2 protein chains.
Amino acid sequence: MKEESRKDEIINTAAKLFKEKGYSAVTMRDIATAMGIKAASLYNHISSKQEILKEIIISLAEEFTQGMEFIKSSNFSSIEKLKKIVSLHISITSQNTYGMASLNNDWMHLEEQLPYYLKLRSNYENEFRKILKEGIKKNEIANSDVEVMLFSMLSTLRSLYIWIPKKEDLNSEELSNNLSHVLINGINK
Amino acid sequence: MKEESRKDEIINTAAKLFKEKGYSAVTMRDIATAMGIKAASLYNHISSKQEILKEIIISLAEEFTQGMEFIKSSNFSSIEKLKKIVSLHISITSQNTYGMASLNNDWMHLEEQLPYYLKLRSNYENEFRKILKEGIKKNEIANSDVEVMLFSMLSTLRSLYIWIPKKEDLNSEELSNNLSHVLINGINK
DNA sequence: ATATTTAACTAACACTTGTTAGTTTGCTTG
DNA sequence: CAAGCAAACTAACAAGTGTTAGTTAAATAT
């Protein structure tokens, strides 16, 4: 029961193609061909193209929600919490770079699940924002524009899916330390 | 001759739709309907859907190339050059957020123009990288991993198109200062 | 006034899309 | 061996795709 099901194979194959061309440009025939079968055969395992997208995106969004929940309820310092967020993004992204591309680029093609996804996303951003504000109040974080700091960090973390696959010899911990350092201390001497 | 031509109207309307749903999900009928005409009428002004995408992306990519060329050949300090790059991104993006969405998300659907676009992009990244390396050599910039710094800054700058439209009362200069400060000094106290 | 241009229209095309129905194949289990 | 099942297949569909051809109406230039 723990081995990868045929459905999972379809989802992973699709995610790979979605990353290259986007959800709308990938046809069911593309997915089927990549698996060496015919398009109609896909429907023995999944109910629609939509379902594939939903499975890719929602499971990832829930992983992030869970990770943030854990960090929130910890008693790390604000800076330590931010470092944990960096680790969270690197960990999830390096395990599923294809899916992360869909999460970032194809979320608007969710249909019934779109409101749920948007709720998870704005909750996540709100928790992130709270950590920054708390850090400023506690004098751990510079009193710069919170929205600018949030935007800058989140943009970088959300783009990891583009960048991680280019680094063949990825050491997650080292990357996490380097990236945390740059995000927290900037590039200044 | 300086007023917006019908072709430009089509390109701008298309860019807006491309931002919302992506190039592949937008049909010629969608573009036409948004302009209050029929799809076939578009072809009095443009030769293909492809051409619309090309016009949007290539002109923006060339603007960036030109801006970088200017910064490169200036004799600002490395940090000042980076601040100019931040300004460049904010300026181009706030003038054309729709187009910037296509540049970021739909470039892979360029066909004949794809190699040219990729060349411009990698040249741009190389010049950016050179500025960082020069800054490290001159002891203006911290000796952190150059690729991590480059990735972090570029990710943030490339995501501006998502964020700028949310700020209704945009003061470009103030944003430029705030963002430069965060990118250069980080968020640390 | 006539000729020309601009920019819209209708109608249609060949092809591609997601999906369904019904069937066949080959493995697993009693 | 027979039955059941998982997972492939072929064939077809209705709707939607980008695009072309030919036409028409209004604005502009001669």
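Scroll up to find the structure this text is about.
Residues numbered from 1 in each chain as written. Chains lettered and ligands numbered in written order. Predicted model: local features only at pLDDT ≥ 70, side-chain atom pairs only at ≥ 80, totals over all residues. Heavy atoms only, no water.

With respect to the protein's contact with DNA strand C
- The local shell around DNA strand C holds 16 residues, among which A:Thr27, A:Tyr43, B:Arg6, B:Lys38 and B:Asn44 are the closest.
- Of all DNA strand C atoms lying within 4 Å of any protein atom, the proportion belonging to sugar or phosphate reaches 58%.
- A:Val26 places a main-chain nitrogen or oxygen 3.4 Å from a phosphate oxygen of DNA strand C.
- Residue A:Tyr43 places a side-chain N or O atom 2.6 Å away from a phosphate oxygen belonging to DNA strand C.
- Split into classes, the residues belonging to the surface near DNA strand C amount to 6 nonpolar, 5 polar and 5 charged. (Near = heavy atom within 4 Å. Polar contact = N/O pair within 3.5 Å; in protein donor to acceptor, adjacent residues only side chain to side chain. Nonpolar A, V, L, I, M, F, W, Y, C, P; charged D, E, K, R; others polar.)

Some points on the protein's contact with DNA strand D
- Surveying the vicinity of DNA strand D reveals 16 residues, the closest of which are A:Arg6, A:Lys38, A:Asn44, B:Thr27 and B:Tyr43.
- The sugar-phosphate backbone supplies 59% of the atoms of DNA strand D found within 4 Å of the protein.
- In this structure, a phosphate oxygen belonging to DNA strand D sits 2.9 Å away from a side-chain N or O atom of A:Ser41.
- A:Asn44 has a polar side-chain atom sitting 2.4 Å from a base nitrogen of DNA strand D.
- Contributions of two or more residues to the surface near DNA strand D are made by α3 (39-42) of chain A together with α2 (28-35) of chain B.
- Among the residues making up the surface near DNA strand D, the classes are represented as 6 nonpolar, 5 polar and 5 charged. (Helix = DSSP H or I, 4+ residues; strand = E, 2+ residues; numbered from the N terminus.)

Focus on the relation of the copies chain B and chain A
- After a rotation of 180° and a shift along the axis of 0.0 Å, chain B superposes on chain A with an RMSD of 0.0 Å. Considering both components of the superposition, the chain copies are consistent with a two-fold axis. Nearest to the rotation axis, the C-alpha of B:Gly186 is located 1.9 Å from it, this being the minimum over chain B.
- Mapped onto chain A, 100% of the interface residues of chain B again fall at the interface, so both copies present the same surface. (Least-squares fit on C-alpha atoms with pLDDT ≥ 70 in both. Contact = heavy atoms within 4.5 Å.)

Quick look at the side chain of B:Ser78
Residues and elements named next belong to chain B.
- The residue Ser78 is located in helix α4 (residues 78-95) in this model.
- By relative accessible area, which is 4% here, Ser78 ends up buried.
- A distance of 3.4 Å separates a polar atom in the side chain of Ser78 from the backbone nitrogen of Gly135.
- Contacts of Ser78, omitting those with residues within four sequence positions, involve Ile131, Glu134, Gly135, Glu140 and Ile141. (Buried < 20%, exposed > 50% of the residue type's maximum accessible area, 1.4 Å probe, protein only.)

Examining the side chain of B:Lys49
Residues and elements named next belong to chain B.
- Assignment of secondary structure puts Lys49 in helix α3 (residues 49-72).
- Of the side chains bearing the opposite charge, Asp30 lies closest to the buried Lys49, which forms no salt bridge; the N-O distance is 7.8 Å.
- A polar side-chain atom of Lys49 sits 3.0 Å from the main-chain carbonyl oxygen of Tyr23.
- Within the local environment of Lys49, its side chain forms a polar contact with the backbone oxygen of Val26, the two atoms lying 2.8 Å apart. (Lys, Arg positive; Asp, Glu negative; His and termini not counted. Salt bridge = Lys/Arg side-chain N within 4 Å of Asp/Glu carboxyl O.)

Some remarks on the interface of chain B and chain A
- Each partner contributes to the interface: chain B provides 40 residues, whereas chain A provides 40 residues.
- Taken together, the two surfaces of chain B and chain A that pack against each other cover about 3,300 Å², and 63% of this comes from carbon and sulfur.
- Looking at the side of chain B facing chain A, the largest losses of area belong to B:Phe151, B:Ile187 and B:Lys189, adding up to 22% of the total buried there.
- Run the count over chain B and chain A and you get 13 residue pairs in polar contact (both at pLDDT 80 or more).
- Looking at the side of chain B that touches chain A, the elements with two or more residues in it are α1 (6-21), α4, α7 (146-158), α8 (160-163) and α9 (172-185) of chain B.
- Class assignment of the residues belonging to the side of chain B that touches chain A gives a composition of 19 nonpolar, 14 polar and 7 charged. (Buried area = accessible area lost by both parts, 1.4 Å probe.)

Quick look at the packing of aromatic side chains
All names here are of chain A.
- Enumeration over the complete set of coordinates arrives at 8 aromatic pairs over all chains.
- Judged by centre distance (5.2 Å) and plane angle (75°), the rings of Phe18 and Tyr23 are edge-to-face. As far as burial versus exposure is concerned, Phe18 and Tyr23 are alike and both buried.
- For the pair Phe64 and Tyr124, a centre-to-centre distance of 5.8 Å together with 85° between the ring planes defines the contact as edge-to-face. (Phe/Tyr/Trp six-rings, centres within 6.5 Å; stacked < 30°, edge-to-face > 60°.)

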